[in-house]
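Observations on the model geometry
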Amino acid sequence: VSVMMVSYATLLIGCLFAIAFLILSQGKDILLQGGSINNQGIKSEPRPITVNFQTKREITLEEITVPAEKNLDNELMSLLEGFDNISYRFIGLGFPFLTLGIISGAVWANQAWGSYWSWDPKETWALIAWLVFAVYLHTRITKSWQGKRPAYIATLGFFTVWVCYLGVNFLGKGLHSYGWV
């Protein structure tokens, strides 16, 4: 039970960061830069930007001043990248705990009731939550998704965790319903 509580807590925190990402991005398509490794896995160094005017004088990046509006956009982008990264890290931490909790619960159920899985509503919703977060991590790792698309998946995960944690106890009937309603 404590492993499941830890997994739900870390998954919900990760989902809240993803929801905050969606709220702050205001539905705009945002291109996140990610880390310092590009798509080929090679660490790339930043290159100076030069602009040629009619006077044939080169202006380097250090000579260009950024207006305050652009600075605000940079701060927002930095915040959004941080939220996306923190969301990914929390969900990546909570997923193994959820996996461990489901497996240990199945082993315990076999000892207590004689079967590993009984398709109880709590077990079913835990499996649904596991599948949602597996899709989230799969798209982040293999498809290199960042930003809005995985945040939508994490938002779906947020609701599945709440249904699994509270909804089944209030609405469902089964081995894991403890008569709250």
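Our subject is the structure that appears above.
Residue positions are given per chain, counting from 1 as you read along its sequence in written order. A pLDDT threshold of at least 70 governs which residues receive local features in this predicted model, and a stricter bar of 80 or more applies before side-chain atom pairs are shown or counted, although totals over entire chains, interfaces and linings include all residues. Neither water nor hydrogens contribute to the side-chain values; these are computed over all heavy atoms in the structure.

**Points about the nonpolar core**
Among buried residues, those of type Ala, Val, Leu, Ile, Met, Phe, Trp, Tyr and Cys that are joined through side-chain atoms within 4.5 Å constitute a nonpolar core. To sort residues, take the accessible area from a 1.4 Å probe on protein chains only and compare it with the maximum for the residue type: under 20% means buried, over 50% means exposed, and anything in between is partly exposed. Among the nonpolar cores identified, the biggest contains 26 residues, and Tyr-8, Ile-91 and Phe-133 are the most heavily contacted of them. Think of it this way: any DSSP run of H or I at least four residues long counts as a helix, any run of E at least two long counts as a strand, and we number them from the N terminus. No other element matches the 8 residues that helix α1 (residues 2–25) contributes to this core. Excluding anything up to four places from it in sequence, Tyr-8 contacts Leu-98, Ala-126, Val-161, Cys-164 and Tyr-165. Here a residue-residue contact requires only that any non-hydrogen atoms of the pair lie within 4.5 Å.

**Let's talk about the packing of aromatic side chains**
Stacked, tilted and edge-to-face are the three classes assigned to paired rings of Phe, Tyr and Trp, where Trp is represented by its six-membered ring and a pair needs centres within 6.5 Å; plane angles under 30 degrees give stacked, over 60 edge-to-face, the rest tilted. Counted by the stated rule, this structure contains 7 aromatic pairs. For the pair Trp-117 and Trp-119, a centre-to-centre distance of 5.6 Å together with 80° between the ring planes defines the contact as edge-to-face. With a relative accessible area of 28%, Trp-117 lands in the partly exposed category. Look at Trp-119 and you get exposed, because its relative accessible area is 58%. Relative to Phe-159, the ring of Phe-158 lies with its centre 5.5 Å away and its plane at 85°, an arrangement referred to as edge-to-face. Judged by relative accessible area, which is 15%, Phe-158 ranks as buried. For a lysine, the NZ atom is tested; for an arginine, the CZ atom; a charge sits over a ring if that atom is within 6 Å of the ring centre and within 35 degrees of the ring normal. Between the NZ or CZ atom of Arg-140 and the centre of the ring of Tyr-88, over which it lies, the distance is 4.4 Å.

**A closer look at the packing of helix α3 (residues 121–141) against helix α4 (residues 148–171)**
Packing of α3 against α4 brings their axes to within 9 Å, and their N-to-C directions diverge by 165°. Taken as axis vectors, α3 and α4 run roughly antiparallel relative to one another. Handedness of the crossing formed by α3 with α4: left-handed. Gly falls in the polar group here, along with every residue not listed as nonpolar (Ala, Val, Leu, Ile, Met, Phe, Trp, Tyr, Cys, Pro) or charged (Asp, Glu, Lys, Arg). Each residue belonging to the contact of α3 with α4 can be placed in one class, and the counts come to 19 nonpolar, 4 polar and 2 charged. Helix axes are fitted to C-alpha atoms over the stretch in contact, other axes to C-alpha atoms as well, and angles between N-to-C directions run from 0 to 180 degrees. Roughly parallel means an angle under 35 degrees; roughly antiparallel means over 145; roughly perpendicular covers 65 to 115; every other angle is labelled oblique. Crossings are classed by handedness, with left-handed meaning an anticlockwise turn of the near helix from the far one by less than a right angle and right-handed meaning a clockwise turn.

Note that all results are geometric; they support no functional claim without further evidence.
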